[in-house]
Amino acid sequence: MNCEIKSKDRIGVINPIFTCQPAGAQYASIGIKDCIGIVHGGQGCVMFVRLVFSQHFKESFELASSSLHEDAAVFGALHRVEQGVDVLLMRYPHVKVIPIITTCSTEVIGDDIDGLVLKLNNGLLKEKYADREVHLIPIHTPSFVGSMVSGYDIAVRDFVSHFAKKEGEVSRKINLITGWVNPGDVTELKSLLSEMDVEATVLFEIEAFDSPLMPDGNHVSHGETTIEDLRGTANARGTIALNRYEGGKAAQFLESEFDVPAVIGPTPIGIRNTDIFLQNVKNMTGKAIPESLVRKRGIALDAISDLTHMFLAGKRVAIYGNSDMVIGLAQFCIDLEMLPVLLLLGDDNTGYANDPRVKELKENVGFNMEIITNADLWELEDRIKNKGLGLDLILGHSKGRFVAIDNNIPMLRVGFPVYDRAGYYRHPIVGYAGAVWLAEGMANAIFTDMEYKHNKEWVLGVW
Amino acid sequence: MPYHQFKCSECIPERLKHAVDKGAGEELTDALPLGYLNTIPGTISERGCAYCGAKHVIGTPMKDVIHLSHGPVGCTYDTWQTKRYISDNGCFQLKYTFASDMKEAHVVFGAEKMLKKNIVEAFKAFPNIKRMTIYQTCASALIGDDINAIAEEVMAELPGVKIFVCNSPGFAGPSQSGGHHKINLAWLTQMVGTVEPKIYSKYVINYVGEYNIQGDQEIMKDYFHRMGIQILSTFTGNGRFDDLCSMHRAHLNVLECARSAEYICDELRARYGIPRMDIDGFGFEALSDSLLKIGYFFGIEDRARAIIAEETARWKPELDWYAARLKGIKVCLWPGGSKLWHWAHSIHKEMGVEVVSVYTKFGHQGDMEKGISRCEEGALAIDDPNELEGLEAMYSLKPDIIFTGKRPGEVAKKIRVPYLNAHAYHNGPYKGYEGWVRFARDIYNAVYSPIHKLSFIDISKDEIPTDRGFATQQMYSDVNLPEEVKNNADLRQCTSKYDPIPALREKTYCFPAPETGEWRVIPNEELSKKNSGVA
């Protein structure tokens, strides 16, 4: 009985869990109001990322490309960015923030986007857009380093470090860096904070990603975090970054640069982690945890108690996706008496082995658990098909759907992207509401499976 | 001047010549936008890259192949599970994708060794698959890895294994079209002629430029097989690697999407003397003409006529039911490349819709020539459209529906223009007689969607109708329909099953023997080859 962490021993990837860094930077950028990023690379690096966003949210998001073509790949492509910035500014008069996001190709050819930003700041912006607030932010996200997770982390830090500015007294607000979450998560987090009467700058305000179809026609979805929000992060009384690997860097930056105290993690998935989150908020703000949240938590406990021993106990689960989420889900599953026997972390971040949560798992788990880093989905499928891994449930995003479908294993879609279920972005997985959604979602997936397979389906009749 | 000046693009004068209005009495040559030029950066164009054109559009529909991209993981991930090119072998090509996962050290020190390991690993993971395509990406092209050399090395070491290399990095051309071109020629030069096929019919074709979106290839294959024609290979939907290696033995190349696959047809004609015949699987008349043309070529036009008669009798009453209700519907026909000319005239003639705009993301001027000549006067034609121009066009043209891709479709939805997925289809297949009816049904459902109608009400300003608890599509579509059409007992709504493809896979067909001409049954397994390759 032990928990083992190891790296995938194959060099290649069969069915990836993550895409590459620029996608993470793009995901961060769409959270900012009046911001359209330019991805410096081939057109596919944008076109397909926009597509996967639209698959997940059933919405369209604006992102531009420097449209690297052959000549540019040979002779350098900075002029493409220059033109791209100008074209974007001319045609989108509201745009104030333009991150310039690099890719593998433009990092390999060595385009100096930092130098270019200086040049444009002193040239184009002064000459042509003197009366306009424009921020060009170089973001280096070579695709051959890290993953979409680290790309997101880097971009959040770069946005924060660009804007954050200490001005006057420390404000009442805290910074809440959510990590790569859904609109439903932000709604739940804001509701928890509002119950505690805590004001927060949320990075990023993405509730509007779930945008309405309005009589006046609102053609795109966009996040609502403003430049002022980002600027004010330096003045906050503290930062809570929910995810170590998605926003942790920005929290550390604010602490080291502006002495804004940082609490990083835990990812508030499950009752226990949400409790800790609230405790952290309480410590940071001095605000009490109100009766309303005791009640909200009580509703969650009540709902989940109906499920644990009778249905969830002993169920063997594999979990893949964004690393903080996977670890948070594993912790919650253990609290639910389940057995998360396989965790797949889809990149080669060397920090995972030293993650205190991983260490805790290693020290305390009473069943055989494997944590695979640099993992792909073949690590999951191969174990099921060829190595006798028995599973009762899979938790992960839609790219792994066929593992579940072809092996007749129930699956709860969770994480990014989820495109084969309707409206999942609307539901939280964090907070007490998230705990209920997850536990009930897992239970219902198992119930449906019991019925299809005629596996003690009659027990549900007298539940 | 016929050029269309978008207000949103006044500040980029070089865009002017990329859009035209098809004026009354204008010569085609007057009304031809520029096409297939480098994209203007920052326009938020809808174009993809040459890697995706090669890998995602043309390469991956091949069904018994390990598709390995040599580069960082993103190219692979991003182009995986975003299309609907199914196959009759359990969709291996949809379910599995392979990336060499190039990391920083590989960029610095070279990635050839790790590529080799990758190839071996992939074959080991799928021991039943002996065929592989390796796709170059921006990163592997820029660091200069010699993928062909590695492939040769592996093939020497692993007997029975065949590897095709496609060098088409993302930056190789203005759009995905560059990748179509590259993989066409690469397949021809590397692979064609390396396998000698089994010929079981007197009439042998390659079916080219057909990607089996939601089963298009299989619905067309049914017609060809009923004519007694052997499909030696399909380039590439539902296609087998080895079949495609024997393209040189066909008597005729039947070309569907000329935008993405005319190159290989032209080269097969030049090198092997195989004629190219452009056909069209969309639309009753175009399809009937196509089947007849192929019939004439082989001298089996009677067999074509029989199929045309049977299929028309079966499906025309359903098409006409919708046509009566779609008359005058305004359409923006905004696909990727070839569908603007595959569809423009057929939807107008057979469904009565008005094509008010055509656009192409990666088409060339030739596509525009065909598209503009086939759409209505006054139509707006746009090359390499971008987000703002698309919006401006929709606001000014007020289409009832647009046919476009998934993401632009979300933009349209927000301004209350329903969309149909022109690339992956809503509920396809759309090819064939049955498919064309399905397309008409999908258009009808979108245009007369009760929920869509509700989106036009602003509850804060408008008087809210309180007279009905629901609406059916017909309550909208039949309002102004003459009684004799409304009650025409000869017409009926679509009766196609949710998925018509599995039944086709079970059918048995006769073919005339190449030597004797004697018609005999060829077993299903031989036709579908479903037992080869993948377990």
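Before any of the text, the structure's been laid out above.
To start, this report covers the structure provided alongside it. (Residues numbered from 1 in each chain as written. Chains lettered and ligands numbered in written order. Predicted model: local features only at pLDDT ≥ 70, side-chain atom pairs only at ≥ 80, totals over all residues. Heavy atoms only, no water.)

1. Considerations on the overall build of chain B
Selection criterion: Counting from the N terminus, the helices are DSSP H or I runs at least four residues long and the strands are E runs at least two residues long. Each residue's exposure class comes from its accessible area (1.4 Å probe, protein chains only) as a fraction of the maximum for that residue type: buried when under 20%, exposed when over 50%, partly exposed otherwise. Residue contacts follow a heavy-atom distance rule, with two residues in contact if any of their heavy atoms lie within 4.5 Å. With residues, only the protein chains shown are counted as cover, and all accessible areas are computed by Shrake-Rupley using a 1.4 Å probe. In this tally, Lys and Arg are treated as positive and Asp and Glu as negative; His is ignored, and so are the chain termini. Charged side chains are reduced to one point each, which is NZ for Lys, CZ for Arg, CG for Asp and CD for Glu.
In terms of helices and strands, chain B carries 23 helices and 16 strands. Evaluated residue by residue, chain B yields a buried proportion of 65% over its 535 residues. In chain B, once contacts between residues fewer than 6 apart in sequence are set aside, the share between residues at least 24 apart is 74%. Carbon and sulfur atoms make up 53% of the accessible area of chain B, which totals about 19000 Å². Both charge centroids of chain B, one from 62 positive and one from 69 negative side chains, sit 4 Å from each other.

2. Things to note about the overall build of chain A
Just so we agree on the cut-off: C-alpha atoms define the radius of gyration, and 2.2 Å times the number of residues to the power 0.38 defines the globule rule.
Counting its secondary structure elements, chain A contains 19 helices and 15 strands. The C-alpha atoms of chain A give a radius of gyration of 23 Å, which matches the 23 Å a tight globule of 463 residues would have. Projecting the C-alpha coordinates of chain A onto the three principal axes gives extents of approximately 75 × 50 × 50 Å. A buried classification covers 64% of the 463 residues belonging to chain A. Counted over contacts in chain A with a minimum sequence separation of 6, partners at least 24 positions apart contribute 75%. Of the roughly 16300 Å² of accessible surface on chain A, 50% is carried by carbon and sulfur atoms. Within chain A, one finds 44 positive and 60 negative side-chain charges whose respective centroids are separated by 1 Å.

3. What about the state of the cysteines?
Spelled out, the test is: Our working definition of a disulfide is a cysteine sulfur pair at a distance within 2.5 Å.
Enumeration over the complete set of coordinates arrives at 0 disulfides over all chains. Left unpaired, Cys49 of chain B is separated from the closest cysteine sulfur, that of Cys52 of chain B, by 4.5 Å. With relative accessibility at 8%, the residue Cys49 of chain B sits in the buried group. A disulfide-free cysteine, Cys138 of chain B has its sulfur positioned 5.8 Å from the sulfur of Cys104 of chain A, the nearest such atom.

4. Re the pattern of salt bridges
Rules: Any carboxyl oxygen of Asp or Glu within 4 Å of a side-chain nitrogen of Lys or Arg constitutes a salt bridge here.
As enumerated under the stated definition, the model contains 71 salt bridges over all chains in all. Where Arg357 of chain A meets Asp355 of chain A, a salt bridge forms, and the shortest distance between an N and an O atom there is 2.9 Å. You can call Asp355 of chain A buried: its relative accessible area is 0%. Residues Asp449 of chain A and Lys453 of chain A are paired through a salt bridge, measuring 2.9 Å at the closest nitrogen-oxygen approach. Placement of the pair is Asp449 of chain A and Lys453 of chain A together in helix H19 (residues 431–453), with a separation of 4 residues, close to one helical turn. With a relative accessible area of 38%, Lys453 of chain A lands in the partly exposed category. Beyond isolated ion pairs, a larger network of salt bridges with shared partners links Arg259, Glu262, Asp266, Arg269, Arg276, Asp278 and Asp367 of chain B.

5. A closer look at the interface of chain B and chain A
Put simply, the rule is: Values labelled buried area give the accessible surface lost by two parts on being combined, using a 1.4 Å probe and summing over both.
At the junction of the two partners, chain B supplies 75 residues and chain A supplies 76 residues. Across the interface of chain B and chain A, roughly 6300 Å² is buried in total on both sides, 62% from carbon and sulfur atoms. Of all residues in chain B, the largest losses of buried area upon contact with chain A belong to Pro41, Tyr77 and Lys414 of chain B, amounting jointly to 14% of the total for that side. Connecting chain B to chain A are 4 salt bridges.

6. Thoughts on the sheet that holds strand E8 (residues 200–203) of chain A
Residues and elements named next belong to chain A. Let me state the cut-off plainly: For two strands to pair, DSSP has to find at least two bridges joining them. Fitting a line to C-alpha atoms yields each axis, with helices limited to the stretch in contact; the angle taken between N-to-C directions then spans 0 to 180 degrees.
As summarised here, the arrangement of the 4 strands in space is E8-E7-E9-E10, forming an open sheet in which the pairing is parallel. Each end of this open sheet is capped by a strand with a single partner; those strands are E8 and strand E10 (262–264). Strand after strand, the sheet turns through a mean of 15° between neighbouring axes, direction not considered. Across 3 bridges, the pairing between strand E7 (residues 174–177) and strand E9 (residues 239–241) is parallel. Directly across from Leu176, in E9, lies its bridge partner Ile240. Sheet strands in contact with helix H12 (residues 270–285) are E7, E9 and E10, and its direction is about 165° off that of E9.

7. Here we look at helix H4 (residues 78–91) of chain A
Where we set the bar: Here the expected span of a helix is defined as 1.5 Å times the quantity of residues minus one.
Look at H4 of chain A: 20 Å from first C-alpha to last across 14 residues, which is about the 20 Å you get at 1.5 Å a residue. Of the residues making up H4 of chain A, those classed as buried are Arg80, Val81, Gly84, Val85, Asp86, Val87, Leu88, Leu89 and Arg91 of chain A.

8. A closer look at the environment of Cys52 of chain B
Examined against the element boundaries, Cys52 of chain B turns out to sit in helix H1 (residues 50–59). In this structure the C-alpha to C-alpha distance between Cys52 of chain B and Gly170 of chain B, which are 118 residues apart in sequence, comes to 7.1 Å. With near-sequence residues (within four places) excluded, Cys52 of chain B lies in contact with Met47 and Phe48 of chain A together with Val57, Thr79 and Gln176 of chain B.

9. Some details on the packing of helix H9 (residues 183–195) of chain A against helix H13 (residues 291–305) of chain A
Each pair of packed helices can be described by the angle between their axes along with the distance between the axes. Residue and element names in this part refer to chain A. Convention followed: Comment on the angle field: the value is read as roughly parallel under 35 degrees, roughly antiparallel over 145, roughly perpendicular from 65 to 115, and oblique elsewhere. Under the grouping applied here, Gly and all other residues not named as nonpolar or charged are polar, the nonpolar ones being Ala, Val, Leu, Ile, Met, Phe, Trp, Tyr, Cys and Pro and the charged ones Asp, Glu, Lys and Arg.
Viewed as axis vectors pointing N to C, H9 and H13 meet at an angle of 140°, and their least axial separation amounts to 9 Å. With respect to their mutual orientation, H9 and H13 come out oblique. Two secondary-structure elements touch here, H9 through Glu188, Ser191, Leu192 and Glu195 and H13 through Ser292, Leu293 and Lys296. Residue composition of the contact of H9 with H13, by class: 2 nonpolar, 2 polar and 3 charged.

10. Examining the pairing of strand E11 (residues 316–321) of chain A
Residue and element names in this part refer to chain A. Put simply, the test is: A crossover gets the label right-handed when its path from the first strand over the helix to the second runs clockwise, viewed with the strands pointing away from the viewer.
Of all the 6 residues making up E11, 5 are buried; the element is thus mostly covered by neighbouring parts of the structure. Relative to strand E12 (residues 339–345), E11 is paired through 6 bridges, and the arrangement is parallel. Bridge pairing links Gly321 to Leu345 in E12. Taken together, E11, helix H15 (residues 323–335) and E12 form a β-α-β motif whose crossover is right-handed. Relative to strand E14 (residues 393–396), E11 runs parallel, the two being bridged by 3 bridges. Of the residues in E14, the one forming a bridge with Val317 is Leu393.

11. What to know about a negative patch on the surface
Here is the rule: Each patch is built from residues lacking any salt bridge and having more than 30% relative accessible area; the joining distance is 9 Å for like charges and 5 Å for nonpolar side chains (Val, Leu, Ile, Met, Phe, Trp, Tyr).
A contiguous patch of negative charge, built from Glu26, Glu27, Asp30 and Glu377 of chain B, is present on the exposed surface. Within the secondary structure, Glu26 of chain B is located in the loop between strand E1 (19–21) and H1.

12. Some words on the pairing of strand E12 (residues 380–383) of chain B
All names here are of chain B. Of the two faces of E12, the one carrying Leu380 and Ile382 and the one carrying Ala381 and Asp383 are both buried. Pairing of E1 with E12 involves 3 bridges; the strand directions are antiparallel. Within E12, the position partnered with Asp21 by the bridge is Leu380. Taken together, the 4 bridges between strand E11 (residues 354–360) and E12 define a ladder with parallel strand orientation. Across the sheet, residue Thr360 finds its bridge partner in E12, namely Asp383.

13. Examining the sheet that holds strand E13 (residues 369–373) of chain A
Residues and elements named next belong to chain A. Spatial ordering of the open sheet is given by E1-E13-E12-E11-E14-E15, a layout of 6 strands whose pairing is parallel. Two strands in the sheet have a free side with no partner beyond their single neighbour: strand E1 (3–7) and strand E15 (411–413). In this sheet, adjacent strand axes meet at a mean angle of 15° when their direction is disregarded. In this structure, E12 lies alongside E13, joined through 3 bridges in parallel fashion. When the bridges of E13 are listed, Leu343 appears paired with Ile371. Set on the sheet, helix H17 (residues 378–386) makes contact with E1, E11, E12, E13 and E14; between it and E12 the angle comes to about 140°.

So yeah, pure geometry; function would need other evidence.
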